[in-house]
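Listed below, chain by chain, are the residues.
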Amino acid sequence: MDIATLRQTHADHWMKAAALRMLAIDAVQAANSGHPGMPMGMADVATVLFERHLKFDASNPKWADRDRFILSAGHGSMLLYALLHLTGYKAFTIEQIRNFRQWGSITAGHPENFHADAIETTTGPLGQGIANSVGFAMAEESLRARFGSKIVDHRTWVIAGDGCLMEGISQEAIGLAGMQKLSRLVVLWDNNNISIDGKISLSDATDQRARFAASGWMVLHCDGHDPDDIDRALTEAKTSDRPVLIDCKTHIGFGSKKQDSAGAHGSPLGADEIAAVRQTYGWPYPAFEIPAKIAAEWRAIGERGVGEHAAWQARLDALPAARKAEFERQMALGAPKKLAATIRALKQQASSAGHKVATRKASEMVLEVVNPVMPETIGGSADLSGSNLTRTGDQGIFDATNRKGRYIHYGIREHGMSAAMNGLVLHGGVRPYGGTFLCFTDYARGAMRLSALMGAPVVYVMTHDSIGLGEDGPTHQPVEHLAICRATPNTWTFRPADLVETAEAWELALTSNSTPSVLALSRQNLPLVRKVHTAKNLTAQGAYVLAEATGKRQAILMATGSEVEIALKARDLLEAEGIGTRVVSMPCMELFAVQPEAYRKKVLPAGPVRVAVEAAVRQPWDRWLLGERGVERKAAFVGMTGFGASAPAERLYAEFGITAENIVAQVKARL
């Protein structure tokens, strides 16, 4: 539908949509930066969605049973900000719109969930939002099965662009969603046929409708500028028993001279063109001014869900007190009271039993006692359940036939799994964890980085953490991956040495509300090194003295994971020669780094030779070797300097010099 027809036949709708368009145009112009074309193209779809279909209450952006709206095409962020401002979200004042993309504003260049409650997830890296939405939709299904449709009954709506659908993660996401038959998920495809380089045909020939249909989705289409046709498609979408793609045919930069060109995508229109667009739109108002009538109509849209919200609150309040409290605890990601006692009991049992198990098996043992006391955990694996040991017997499989199941078979979709877990935890009410091999964090990196950026406390169970996995060889042996994880801000990278440290790491991961965790776990069996039970969580300190020197302290050996055992053997050899040696277990560098300096100085005092031992690259260790009172002439690293090889683990450790004997030699050379 063209603009003249829209203005004539749908005048009220047109002016509401024009308000969205002009706020986006003016904000991008004021910032001299941004993407006006997408908001101009999708304003009609967004207006119909918010006015007639989206369940929300602008006065309470954290209402648990609201519909979730995700702008996967995050470059069009001004569409979202304009919607939030016009519908009455208090945080989104006109001053925030004026300060689009400026220091200190919540209207960042791409939507960032940590700036405002009304932003469900951080988008911008294309494809992440649509992949997050699968997690949001699965969380809704799970919670509805657990608490009933009177308490949980909402949809997830997504606006995605051509770029989102070209990213490889989108296929992982839509394949999973189709298999899961997530009927409460609706993706609105902004089909404008333009990317930054030009027409989509320059780089892609995919029949997107056929692709989604082949993946198990219902596929609809509409004229993205005809409000009645949009409404028809959205109404039909709500009757589906499968996820729905709506192909919304739109014009990027609608109504400007740059319409249907890459020129409308990523730069301001310019003052002269904006003046011409105002004429075309019939919008005589100055920049950032919304006439009272249109503002009131939008505020009424924002208040449309107040009654429904109140009715929901009454139903929640009518629940038995304990059930209401449990719902609120899970939605807030609060830990159950039983968790700490459960972890302590397992630690005590482990210390007395002396289990010699791989830390991946130790992780399974933790989950076997934790999952029964945390009904909100939902586990999974990227087709490596038997290797990651992420499934426990009480969980059941989550699928279309069993929404009470708590284990997801993600298939070979590491990136899609990780992004879905971001959606699961951001929705609230779910503590997700998922497994693959540590080496394959490469596939998951984009979503893992966003976990950290968003403060989404996902737990990444990454097994087969070193050359210790053996014969699979260097393609599967991680050497740089611990360094990459540790270099990522706001990420806890745990590499526990035994069952006790593994239990402590899980306790920290499951009680974090704003930091994701990576659990790097061994394939090979490891002896128990924490033989004396302590109720205190020593892993929470990041590093601690595991074994003290018996005489004058001349050396400090630092190690993680499977190399703690080797460091302890080296200590025995050194002590036998009268060289007093302390062993420091460092399961989490990030947590050690934030301990008070007095504690760090106590663990790593000046003077002794320092040797770090880890079957990975040296890079993360230099702070602890050369800084923190260390000196280069008395520091050494025993670990990997390149890629691994295919052979049994014992041979690999010997060939690469990760042995007690080499540690002893390194110490002696520096005394």
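Keep in mind it's a predicted model, so treat the numbers as computed, not measured. Along each chain, the written sequence defines residue order, and numbers are assigned to residues from 1. Predicted model: local features are reported for residues with pLDDT of at least 70 only, side-chain atom pairs are reported and counted for 80 or more only, and whole-chain, interface and lining totals are derived from all residues. Remark: hydrogens and water are excluded; side-chain values derive from all non-hydrogen atoms of the structure.

(A) Representation of the sheet that holds strand S12 (residues 492-494). On the basis of which strands lie adjacent, the open sheet formed by six strands has the order S9-S8-S10-S11-S13-S12 and parallel pairing. Every other strand in the sheet has two partners, leaving strand S9 (407-409) and S12 as the edge strands with one partner each. Each strand axis lies, on average, 20° off the axis of its neighbour in the sheet, ignoring direction. Strand pairing is defined by DSSP finding a minimum of two bridges between the two strands. In this description a helix means any DSSP run of H or I spanning at least four residues, a strand means any run of E spanning at least two, and both kinds are numbered starting from the N terminus. Where strand S11 (residues 459-463) and strand S13 (residues 517-521) come together, five bridges link them in parallel fashion. Counted as the bridge partner of Tyr-460 is Val-518 from S13. Here an axis means a line fitted to C-alpha atoms, over the contact stretch when the element is a helix, while the angle between two N-to-C directions is reported on a 0 to 180 degree scale.

(B) Fine view of helix H8 (residues 168-180). Its 13 residues place the ends of H8 19 Å apart at the C-alpha level, agreeing with the 18 Å of an ideal helix rising 1.5 Å per residue. Exposure is judged per residue with a 1.4 Å probe applied to protein chains only, and the accessible area is read against the type maximum: over 50% gives exposed, under 20% gives buried, and values in between give partly exposed. Turning to H8, its buried residues are Ile-169, Ser-170, Ala-173, Ile-174, Gly-175, Leu-176, Ala-177, Gly-178 and Gln-180. Buried positions along H8 lie against helix H6 (128-147), helix H7 (162-166), strand S3 (185-191), helix H9 (208-214), S9 and helix H18 (414-427). Two residues or fewer after H8 comes Lys-181, characterised by a positive phi angle close to 50°. In this analysis, the expected span of each helix is defined as 1.5 Å times one less than the number of residues it contains. Two residues form a contact once any of their heavy atoms are found within 4.5 Å.

(C) Summary view of unusual backbone geometry. At Asn-32, a residue that is not glycine, the phi angle is positive and equals roughly 55°. Tracing the backbone shows Asn-32 in the loop between helix H2 (11-31) and helix H3 (37-53). Positive phi outside glycine occurs at Asn-193, with the angle close to 65°. Looking at the secondary structure, you find Asn-193 in the loop between S3 and strand S4 (194-195). On the basis of relative accessible area, Asn-193 is assigned to the partly exposed category, the value being 29%.

(D) Summary view of the pattern of salt bridges. For this document, the term salt bridge refers to a Lys or Arg side-chain nitrogen within 4 Å of an Asp or Glu carboxyl oxygen. This model, assessed by the stated rule, comprises 38 salt bridges. Here Lys-55 ties to Asp-65 by a salt bridge, and the two come within 2.8 Å at their closest N and O atoms. Taken together, the positions of Lys-55 in the loop between H3 and strand S1 (68-71) and Asp-65 in the loop between H3 and S1 put the pair ten residues apart, joining distant regions of the chain. Summarising the burial analysis for this pair, Lys-55 and Asp-65 share the class buried. Salt-bridge contacts for Arg-571 lead to Asp-572; the nearest nitrogen and oxygen are separated by 3.8 Å.

(E) Main features of the packing of H2 against H3. Between H2 and H3, the least distance of the axes is 9 Å, while the angle of their chain directions is 130°. Comparing the axis directions of H2 and H3 gives the class oblique. Helix-helix and strand crossings are classified by hand; for H2 and H3 the assignment is right-handed. Mapping the contact onto sequence places His-13, Lys-16, Ala-17, Leu-20, Arg-21, Ala-24 and Ile-25 in H2 and Pro-39, Met-40, Gly-41, Ala-43, Asp-44, Ala-46, Thr-47, Val-48 and Glu-51 in H3. Classifying every residue of the contact of H2 with H3 gives nine nonpolar, three polar and four charged. We call two directions roughly parallel when the angle between them is under 35 degrees, roughly antiparallel when it is over 145, roughly perpendicular when it lies between 65 and 115, and oblique otherwise. For a crossing to be left-handed, the near helix must be turned anticlockwise from the far one by less than a right angle; the clockwise case is right-handed. Residues are grouped as follows: Ala, Val, Leu, Ile, Met, Phe, Trp, Tyr, Cys and Pro are nonpolar; Asp, Glu, Lys and Arg are charged; every other residue, Gly included, is polar.

(F) Structural context of the environment of Ser-149. Its location among the elements puts Ser-149 in the loop between H6 and strand S2 (156-161). Taking the C-alpha atoms as reference, Ser-149 lies 29 Å from Ser-514; in sequence the two are 365 residues apart.

(G) A look at the pairing of strand S7 (residues 244-249). Extensive coverage of S7 is indicated by the burial of five of its six residues. Pairing analysis gives six bridges linking S3 to S7, with the strands arranged parallel. Counted as the bridge partner of Trp-189 is Asp-247 from S7. The pairing of strand S6 (residues 218-223) with S7 spans six bridges and is parallel. Bridge pairing in S7 links Leu-220 to Ile-246. In this fold, the crossover linking S6 to S7 by way of helix H10 (residues 227-237) has right-handed handedness. Look down the strands so they point away from you; if going from the first strand over the helix to the second traces a clockwise path, that crossover is right-handed.

(H) Molecular detail of the packing of aromatic side chains. Pairing of aromatic rings covers Phe, Tyr and Trp, the last through its six-membered ring, and needs centres within 6.5 Å; plane angles under 30 degrees mean stacked, over 60 mean edge-to-face, and all others mean tilted. Under the definition given, this model contains 17 aromatic pairs. When the centroid spacing of 6.3 Å and the interplanar angle of 10° are considered together, the rings of Phe-56 and Tyr-89 count as stacked. Taken as a pair, Phe-56 in the loop between H3 and S1 and Tyr-89 in the loop between helix H4 (77-87) and helix H5 (94-98) lie far apart in primary sequence, 33 residues in all. The exposure classification of Phe-56 matches that of Tyr-89, with both residues buried. Seen from their ring centres, Phe-147 and Phe-327 are 5.1 Å apart, and the 75° between their planes marks the pair as edge-to-face.

(I) Highlighting H4. Of all eleven residues that make up H4, eleven are buried, and the element is covered over most of its length. Every buried residue of H4 is accounted for by Ser-77, Met-78, Leu-79, Leu-80, Tyr-81, Ala-82, Leu-83, Leu-84, His-85, Leu-86 and Thr-87. Tucked inside the fold, the buried residues of H4 contact H2, H3, S1, H5, S2 and helix H12 (292-303). Remark: Gly-88 follows H4 within two positions and exhibits a positive phi of approximately 105°.

(J) Spatial organisation of the sheet that holds strand S17 (residues 609-614). A sheet is described by the order of its strands in space; here five strands give the open sequence S14-S16-S15-S17-S18, paired in mixed fashion. Two strands lie at the open edges of the sheet, namely strand S14 (544-547) and strand S18 (635-639), each paired on one side alone. Sheet twist, expressed as the average angle between the axes of neighbouring strands with direction ignored, equals 30°. Where helix H22 (residues 563-576) meets the sheet, it contacts S14, strand S15 (553-559), strand S16 (580-585) and S17, and its direction lies at approximately 170° from that of S16.

(K) Just the environment of Asp-65, in detail. Take Asp-65: its relative accessible area is 2%, and that puts it in the buried class. The sequence separation of Asp-65 and Glu-308 amounts to 243 residues, and the corresponding C-alpha distance is 9.8 Å. For Asp-65, the residues in contact, after removing those within four places along its chain, are Lys-55, Ile-151, Val-152, Asp-153, His-154 and Trp-312. Identification of polar contacts relies on pairs of N or O atoms within 3.5 Å, with a donor-acceptor requirement for protein atoms, meaning one able to donate a hydrogen and the other able to accept it, and with residues adjacent in sequence counted only if both atoms are side-chain atoms. Of note is the side chain of Asp-65, whose polar atom sits 2.8 Å from the side chain of Lys-55.

(L) Local environment of the pairing of S13. Of all five residues making up S13, five are buried, and the element is well covered by its neighbours. Side chains Ser-517, Leu-519 and Leu-521 of S13 all project onto a buried face; the interleaved residues Val-518 and Ala-520 project onto the opposite face, where all are buried too. Traced from S12 through helix H21 (residues 499-511) to S13, the parallel crossover comes out right-handed.

(M) Main features of the side chain of Thr-390. With respect to the element layout, Thr-390 can be found in the loop between helix H17 (385-388) and S9. For Thr-390, a relative accessible area of 0% corresponds to the buried category. Within the structure, Thr-390 has its side chain in polar contact with the side chain of Tyr-407 (distance 2.8 Å). Residue contacts for Thr-390: discarding those within four places in its chain leaves Leu-367, Gly-380, Ser-381, Ser-385, Gln-395, Tyr-407, Tyr-433, Gly-435 and Val-461.

(N) Expanded view of the packing of H6 against H18. Two elements in contact, H6 and H18, have axes whose closest approach is 6 Å; the angle formed by their N-to-C orientations is 55°. What the angle tells us is that H6 and H18 run oblique. Here H6 runs over H18; the crossing is right-handed. Only His-415, Ala-419, Ala-420, Asn-422, Gly-423, Leu-424, Leu-426 and His-427 of H18 make contact with H6, whose side of the interface consists of Gln-128, Ala-131, Asn-132, Gly-135, Phe-136, Met-138, Ala-139, Glu-140 and Leu-143. Residue composition of the contact of H6 with H18, by class: nine nonpolar, seven polar and one charged.

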